[in-house]
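# Chains, contacts and geometry: an overview
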Amino acid sequence: MQPLTPTGEREAVAALRRGEGRGLETLVALHQGPALRLAYSITGSRAAAEDVVADAFVSVYEHRDRLDPDRPFRPWFTRVVANRALSVARRSTRMSRILALLSLRPSRMPPDPEEQVERNEVHRQIVEAVRALPPNERVAIVLRYFEDMDERGMAEVLGWPAGTVKTRLHRARARLRARLTDAHELRACDPVGGER
């Protein structure tokens, strides 16, 4: 796949507006992966994430006449996916696993077994801490740290005032810090290698 360029995206949106299937195919190829990661991070369910993203693309097709080829597609589409995923997360009575967003790229050299155990434990604690956040705080953390979005972009994507983004990020970081500090202190109290 060619790298995403504003020109290529504009052409795809324009083609979709004309009813050409290649326009939607191009947008799916460019945005499906990141959209699935985002939806999965919010819902905690692969099946729910796939449904969210499929529904979002159906919505794009149904409302193709409203698309503006001169405006970037990704921020708008990210907002659609995030809002749909938040709705699913709010309705959900149980949370399944959150996407393993760390260690997405396999290491070239096999890791030291002790380091791998340590890394897996830290990863598990982070996943549990993020999963425990309320949905609005969870989406803020996911967009900021896993999708590398700035606060202004988050406000645009989520349709929240800038102050709300700052507040939710602040609360989420405080909750994560407290939970991860508690987990670290509990682990530090455990004897390493057994008692003497």
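Figured I'd write up the structure that's included with this text. (Residues numbered from 1 in each chain as written. Predicted model: local features only at pLDDT ≥ 70, side-chain atom pairs only at ≥ 80, totals over all residues. Heavy atoms only, no water.)

### Description of the environment of Gly153
Along the chain, the position of Gly153 falls in helix 7 (residues 151-158). Between the C-alpha atoms of Gly153 and Leu143, which are 10 residues apart in sequence, the distance is 9.2 Å. (Helix = DSSP H or I, 4+ residues; strand = E, 2+ residues; numbered from the N terminus.)

### Quick notes on the packing of aromatic side chains
This model, assessed by the stated rule, comprises 3 aromatic pairs. Centroid distance Phe57 to Phe77: 4.5 Å. Interplanar angle 35 degrees. Geometry classified as tilted. Here Phe77 lies in helix 4 (residues 73-91) and Phe57 lies in helix 3 (residues 46-62), a separation of 20 residues in the sequence. Among the residues examined, Phe57 registers a relative accessible area of 7% and is labelled buried. Note on Phe73 and Phe77: the rings are 5.3 Å apart at their centroids and 15 degrees apart in plane angle, and the pair reads as stacked. One end of the pair is Phe73 and the other is Phe77, both in helix 4 and 4 residues apart, which spans about a single turn. On the basis of relative accessible area, Phe77 is assigned to the buried category, the value being 3%. One residue, Arg64, lies across the ring of Tyr61, its end atom 4.2 Å from the ring centre. Sitting over the face of the ring of Trp160, Arg168 holds its NZ or CZ atom 4.4 Å from the ring centroid. (Phe/Tyr/Trp six-rings, centres within 6.5 Å; stacked < 30°, edge-to-face > 60°. Buried < 20%, exposed > 50% of the residue type's maximum accessible area, 1.4 Å probe, protein only. Lys NZ or Arg CZ within 6 Å of the ring centre and 35° of its normal.)

Any link to function would need more than the numbers given here.
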